[in-house]
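Here are the chains, one letter per residue:
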Amino acid sequence: MQTLSLVILLGLGAVALTLAYWAFARAAALAGRDDNPRRVEAELRIQRGRILDTNGVVLAETVGSPDRLDRFYPVATIGPAVGYYSFRHGTAGIEAGLDAILRGEDEGEWERYQRQLLHSPLVGRDVRLTLDATWQQAADALMGDRPGALLLMSLPDAEIRAMVSHPGYDPNRLDDDFAALLADERAPLVNRVTQGQYQPGLALQPFLMAVAADDGLIDLAAEVEGGERAITYGRTTLRCADPAVSPGLTMTWAEVLRRSCTAPLFFLADDFGPDRLLEGYDAFSLTVAPDLPIDLVTPPAALIEDPFLAMIGQENLTVSPLQMGLALAGLVNDGRLPRPRLVAAIQDKVGVWQPFLPSYSVEEGPAVAPATAQAILQAMAEYEGVREHSALALSGPGDGSLGWYLGLSPATSPRLLVVVVVEGALGVAEGQAIGRALLTRP
């Protein structure tokens with residue numbers, strides 16, 4: 001009888017040790033396994049915070065029963081801007097950048113202990129963006145089915161009001177469409193506004209001419225010989241974007257910018273030199289990724305092999321529409337590039353909205369002098385109260401092309417900025433039409 005009692009006690013002790021081992025020593029490993037049913041159940045019960053636009057319109061929310069919650073996006077075209085959340089496929093966009101806040105995982109130790117003791121689900125906090133759902137839908141409609149990107153920012157705060165990336169996706173159908181989206185060579189899951197790497201072509205002209213004017217290499221009021229000349233690049237002939245330019249037309253440097261002419265900038269490479277050209281890229285932050293809690297691409301090193309092609313944006317430098325938008329905002333801001341804003345506020349743990357003010361490093365100096373920045377803006381073309389610059393860039397294999405449009409409204413004191421890139425454009429007219437329609441929208 002004593003022997004049997006001893007065996008039972010030893011058995012119970014072994015069971016207790018085994019339970020303690022799995023409960024404490026191996027708890028982290030179990031929790032991290034994808035096939036752990038408790039982890040799956042806990043994930044599906046998370047009450048993820050809402051994502052709102054600047055006016056309080058819901059862009060993403062959690063719906064369903066307490067035991068099975070799903071993410072719902074009322075504005076289906078918001079995908080590239082807001083991103084997505086999926087238990088199966090992870091997160092992207094703001095859903096990824098602010099994941100800990102939206103999940104509620106930034107809780108304290110005592111809060112976590114209480115929640116786990118009561119087996120309560122994580123409850124996230126709401127986030128309010130600078131995006132405007134009305135502007136977003138209007139911009140998306142204007143892009144139609146054209147592949148490319150559109151960025152709309154307000155000035156002088158550099159708050160992003162709309163980000164359109166085509167082709168895009170409906171985040172409500174992500175789980176059903178994910179395999180097809182991954183296989184699609186057009187890369188619909190890429191946010192072209194922040195991740196797209198495009199040849200800038202002559203869209204660089206306002207910024208490089210600003211650097212040249214600041215250095216005294218050009219005088220905007222001085223005449224330029226042969227400004228209307230064509231430049232042959234590959235099998236393409238690059239001329240002025242303004243079709244009204246005729247052979248022999250006398251132009252100043254200001255008119256070269258206004259008419260978006262290639263030749264004068266091309267031949268300016270001799271005076272500029274590759275080192276100063278790289279410094280110009282850096283001054284307008286065209287070689288670094290902007291600081292935003294969203295998917296970004298760090299640009300590859302812009303090594304210059306052919307300064308002449310580099311001057312007209314047809315060499316190694318590639319840029320995102322967001323980078324170009326901030327460079328343009330820098331001209332409006334007297335040569336100093338602003339910090340972009342996409343997140344306006346975050347709810348604290350008692351539901352009070354707190355401004356989202358990320359910490360930045362020491363602000364860099366101006367790219368160019370204030371007077372130079374304003375002179376370049378005044379030299380840009382004007383159309384019905386809109387300050388603008390249009391350019392065609394050659395890109396990709398074969399004869400691929402991009403239509404760039406940079407616009408500011410109103411022309412005299414800009415409060416809105418738009419950047420449009422149309423992939424496969426045959427000219428600048430498509431991007432112009434989209435940008436102008438958005439900036440002059442009632």
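A brief look at the structure comes next. (Residues numbered from 1 in each chain as written. Predicted model: local features only at pLDDT ≥ 70, side-chain atom pairs only at ≥ 80, totals over all residues. Heavy atoms only, no water.)

1. Focus: the pairing of strand β4 (residues 83-86)
The side chains of a regular strand alternate, first on one face of the sheet and then on the other. Where we set the bar: Exposure is judged per residue with a 1.4 Å probe applied to protein chains only, and the accessible area is read against the type maximum: over 50% gives exposed, under 20% gives buried, and values in between give partly exposed. Each helix corresponds to a stretch of at least 4 residues labelled H or I by DSSP, and each strand to a stretch of at least 2 residues labelled E; elements are numbered beginning at the N terminus. At least two DSSP bridges between two strands are required for those strands to pair.
In β4, alternate side chains face the same way, and those of G83 and Y85 on one face and Y84 and S86 on the other are all buried. Note that β4 and strand β5 (residues 90-93) share four bridges and pair antiparallel. Among the inter-strand pairings, S86 is bridged to a residue of β5, identified as G90. The hairpin turn running from β4 into β5, its antiparallel successor, is three residues long.

2. Focus on the sheet that holds strand β6 (residues 127-129)
Strand order in this open sheet of six strands is β3-β2-β1-β6-β13-β14, and the pairing throughout is mixed. On the outer flanks of this sheet lie β3 (68-72) and β14 (353-355), each paired with one strand and no other. With three bridges joining them, strand β13 (residues 343-347) and β14 adopt antiparallel strand pairing. Bridge pairing in β14 places Q347 opposite W353.

3. Brief notes about unusual backbone geometry
Backbone torsion omega between L155 and P156 reads 5°, so that peptide bond is classified as cis. One can find P156 in the loop between β7 (148-154) and β8 (159-166). Positive phi, close to 55°, is recorded for A158, a residue that is not glycine. Here A158 shows up in the loop between β7 and β8. The residue D334 is not glycine, and still its phi comes out positive at about 55°.

4. A few points about the sheet that holds strand β18 (residues 416-423)
Strand pairing in a sheet relies on backbone hydrogen bonds. The paired strands run either parallel or antiparallel. Quick note on the threshold: Each axis is a line fitted through C-alpha atoms, and for a helix only the stretch in contact is used; angles between axes span 0 to 180 degrees, taken between their N-to-C directions. Two residues form a contact once any of their heavy atoms are found within 4.5 Å.
Across the sheet, six strands lie side by side as β8-β7-β18-β17-β16-β15; this open sheet has antiparallel pairing. The open sheet is flanked by β8 and β15 (381-383), the only strands paired with a single partner. The mean inter-strand angle of the sheet, taken between neighbouring strand axes irrespective of direction, is 20°. Summarising the sheet, β7 and β8 pair through seven bridges and their orientation is antiparallel. The residue of β8 that forms the bridge with G148 is H166. On the sheet, helix α19 (residues 429-439) packs against β7, β15, β16 (386-394), β17 (401-409) and β18 and is oriented at approximately 155° with respect to β18.

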